[in-house]
Every structure is written in C-alpha cells, then in structure tokens.
Amino acid sequence: MSTEAVPAAPDSAEVPTCPFDFAQGLDFDPALLAMLRSEERVARVRMPYGEGDAWLVTRYEDVRTVTTDRRFSRNAVTGKDFPRMTPEPIVQTGAINLMDPPESSRLRRLVRQSFAPRHLERMRGRTQSVVDGLLDAMAESGSPTDLFAHLALPLPLVTICEVLDIPEADRHWLRAHAMTMMNMKPAGKEAAVRAKGELREYFARLTAERRRSPGADMISTLAAAREGGEMLGEDELTVMAMVLLITGQDTTTYQLGNISYLLLTRDDVRGQLRREPDSLPRVLEELLRHIPFRKGVGIPRIATEDVELGGALIRAGDTVHVSYLTANRDGEKFERPDEIDLDRPSVPHMTFGWGSHHCLGSPLAVMELEIALSTLLRRFPDLALAVEPGEVEWNATSIWRYPLALPVTW
C-alpha cells in the first residue's frame, strides 16, 4: 500500500500512518507485511481518493477467494466514486476488467484467440528483431548509458503497437496519455480525465477503420473473432484495444526495469542465469513473484452480500481491494517468502492477477521479458550499474514502481 493509504480509525482523531510503501525499491520491511497478513489479514483502509473506506485483503487464499467468489463484483464499481489510488478512476466503462462472469467469459474467449500459440510464435520473431535493434543502438551509444531508456521503455511500446498495428507517429502521444491516467497526484485529475477521453476517441476511430479494412493485426483479429454466432460489439472492441495498449506496454516496461535493476544488484541471480541460460523461465517466475511492480492496489470489487472473510464481516456494498503484492509474500503459501529462491517449487504467483481477471496478455509479457533479458545477458556479459544502487531514482508519481533510469557500463 501507499503511505497515503491508512487503516481507518473511527474512534480516534489521530489516523496512524500505514507502513506499506512500495515506492522506494525492494527494501520494504517484510516484518510489516507479515504483521498485516497475520494480525489484520482483512484490514480496513482509507485510500487517497474516492468516497469512504475499503477492506484490504492480503493473504493468498483470501485473495483467491475474493477474485473467484461471485459475491464480490467488479461490475458493481461502475459509476461509483470508489476508494482508489488515482484522482481519476483508470477503468473504462464497458471494459472487460469491469465485467463479471458469465458476461466477461464471452469476451475472454474471444480475446484469447488473439494470444493463441501460433500468434505468439509469430510475435516472438518480431520481438527478437526489435530487441536486437534496441541493443545495437545501445552499444553504438557507448558506455555509460541508460538501460531503461534504451530497452525497458521502448520495447513493450514498440511490441504492442506493432501487434495492434498502430502508426509510429502516434505511439509517443499514446504512451504519454496512458502515463497521465496513472498519475496519483491530485492536480492531475483534470489531465487524466482528458487523456482517458482522448484515448477512447482515438481507439473508436482506429477500430472502426479496422472493421472496414481489416489487416493481420490483433485489432483486426479481435474484430473478426467469433464465439458461436457472437463477436465483439463496437464499444467492446474500442475499449478492448485501449486496454491492450495500456496494459501491454505499461506493466511490461516497469517489470523489465525492475528485473534489470535486480539483476544488476544481485550477483547470485545474474550468475545463475549466465551459468544456466535455460533456467531463465523458472527464475523469471520467481522474480515476478518477488518484485512488487506497483504501489498499492488496482480495481476493487464490491460485496453483493454479507461475507465473513479472514475474521472480518464484510457487509453488502463494501468496497474490497486485494493486494497481489502481499499475497505473493504469504508465508503460508511460499516458504521463506521474502527471499529469492532460484529453485523454488512451482507455486502460481499472482503478479498477473487471478481468477476471471487474470491478465490475458501475460503470455506476451513473459515472452518479451524472456527475449529481452536473455539477449541482454548474452550480449553484455559485463553489464554493471554505473552508479551505486542507492543512487537509482524511483518513480514517485504514478501507481507503478520502477526506476526512472538505469545508468550502466560494460
């Protein structure tokens, strides 16, 4: 949680500061996380924006319950000024991430067709080509240089824009709008509202064009996808394309930056990958579990009836947030949860969500990360931070946690 999200104290004028702040890197106190899971596994919290308080669910099994139990509804947040991290809600009306089963199931089946293995294999070759080109440019720029600017920032944007066939001239405008929507500062509300509206207008025009003149891109594939006799409606296709653009570049950019930072500061992890390159998929899963990539929480759910969970009585109408970050560090699910265990037995992490809102694009994200990291380690075996780890500056304005720059030498 952010330092701005605090446990509610209705009987006291003094509100204690919540100790959970993921903005400053990987050195947050595991003991504090353990305290929340063990003593207040379902805690009452106050968020920076929105009306009222919310429940925060932190244990792995409790998070799994909330994300799979039909008594907790994403759709019920529609139109509500729900407790949240950003001044303007990031969610879009009509988006799949605001739907509940069975309505969301139809869209997920349609979208899943675009992430079929044959499509991912076609994307793999192009992603490798993009990575090679970006690292060529980094090598030409000379040492020292900024790894984040050369690789983490452009790769996911280029990849998802090529997958969606978005004109190159539009890409930086789209990224700037997506970043504006994620800003947590109160002064950013007006800009976030405007950015969200302009993005929706852009994708409404783009998807209408692909309906009329389809190509080989994912938007055209989605427009043509059918489940029985059903297909995506105009608004559904517009919002889906918009969500794919935002989630397809934001989260992968920040995770690539976070993981690169960890590899540059953990000789044991980097050494393992150099000795055994084939272990990357397994190691990557552990790093995705271990590294928090956002501050706080995302889209909540609303209880549709009274539910007892984790010793707390959640009333119908209450807002419920889940923390995938703390669930990924639950000692009841993961032995030595605050350590990186490169040989950890396979246990599904929650970095890509869970249940009916597990990220459909996660195979694409993992593919990008594997290609980028394996190529980076192979081509720059002597890569090292050009500054002390404590000198790396971290983002402090948006919901995402990532290094603003990674100065490196080789």
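Remember, predicted model here, so these are calculated numbers, not experimental data.

**A few points about the overall build of the chain**
- Broken down by element type, the chain carries 14 helices and 11 strands.
- Its C-alpha atoms give the chain a radius of gyration of 21 Å, within 12% of the compact-globule value 22 Å for 410 residues.
- Seen through its principal axes, the chain has C-alpha atoms that stretch 60 × 55 × 40 Å.
- The buried share of the chain, reckoned over its 410 residues, is 54%.
- In the chain, the share of contacts with a sequence separation of at least 24, taken over all contacts with a separation of at least 6, comes to 72%.

**Concerning the sheet that holds strand S10 (residues 384–385)**
- Spatial ordering of the open sheet is given by S5-S11-S10, a layout of three strands whose pairing is antiparallel. Each having just a single partner strand, strand S5 (145–146) and S10 make up the two edges of the open sheet.
- Looking at chain direction, S5 and strand S11 (residues 407–409) are connected through two bridges and run antiparallel. Note that in S11 the partner of aspartate 146 across the bridge is proline 407.

**Some details on helix H6 (residues 154–164)**
- Here H6 lies mainly inside the structure; nine of its 11 residues are buried.
- Within the span of H6, buried status applies to Pro154, Leu155, Pro156, Leu157, Thr159, Ile160, Cys161, Val163 and Leu164.
- The first or second residue beyond H6 is aspartate 165, which carries a positive phi of 55 degrees.

**Describing the packing of helix H8 (residues 189–212) against helix H10 (residues 234–265)**
- At a minimum axis separation of 8 Å, H8 and H10 run at an interaxial angle of 115 degrees. The element H8 and its partner H10 pack so that their crossing is right-handed. Across the interface between the two elements, Lys196, Leu199, Arg200, Phe203, Ala204, Thr207 and Arg211 from H8 touch Glu234, Leu237, Thr238, Val239, Ala241, Met242, Leu245 and Ile246 from H10.
- Residues that form the contact of H8 with H10 fall into these classes: nine nonpolar, two polar and four charged.

**Observations regarding the packing of aromatic side chains**
- In the structure shown here, the tally under the stated rule is nine aromatic pairs.
- Residues tryptophan 173 and tyrosine 202 carry aromatic rings whose centres are separated by 5.8 Å and whose planes lie at 45 degrees to one another, so their mutual orientation is tilted. Taken as a pair, tryptophan 173 in helix H7 (residues 168–181) and tyrosine 202 in helix H8 lie far apart in primary sequence, 29 residues in all.
- Judged by its relative accessible area of 36%, tryptophan 173 falls in the partly exposed class.
- According to the relative accessible area criterion, tyrosine 202 is buried, its value standing at 10%.

Procedures and definitions
Residues numbered from 1 in each chain as written. Predicted model: local features only at pLDDT ≥ 70, side-chain atom pairs only at ≥ 80, totals over all residues. Heavy atoms only, no water. Helix = DSSP H or I, 4+ residues; strand = E, 2+ residues; numbered from the N terminus. Rg over C-alpha atoms; globule rule 2.2 N^0.38 Å. Buried < 20%, exposed > 50% of the residue type's maximum accessible area, 1.4 Å probe, protein only. Contact = heavy atoms within 4.5 Å. Pairing = 2+ DSSP bridges. Axes fitted to C-alpha atoms, helices over the stretch in contact; angles between N-to-C directions. Left-handed = near helix turned anticlockwise from the far one by under 90°. Nonpolar A, V, L, I, M, F, W, Y, C, P; charged D, E, K, R; others polar. Phe/Tyr/Trp six-rings, centres within 6.5 Å; stacked < 30°, edge-to-face > 60°.

Interpretation in functional terms is not warranted from these geometric data alone.
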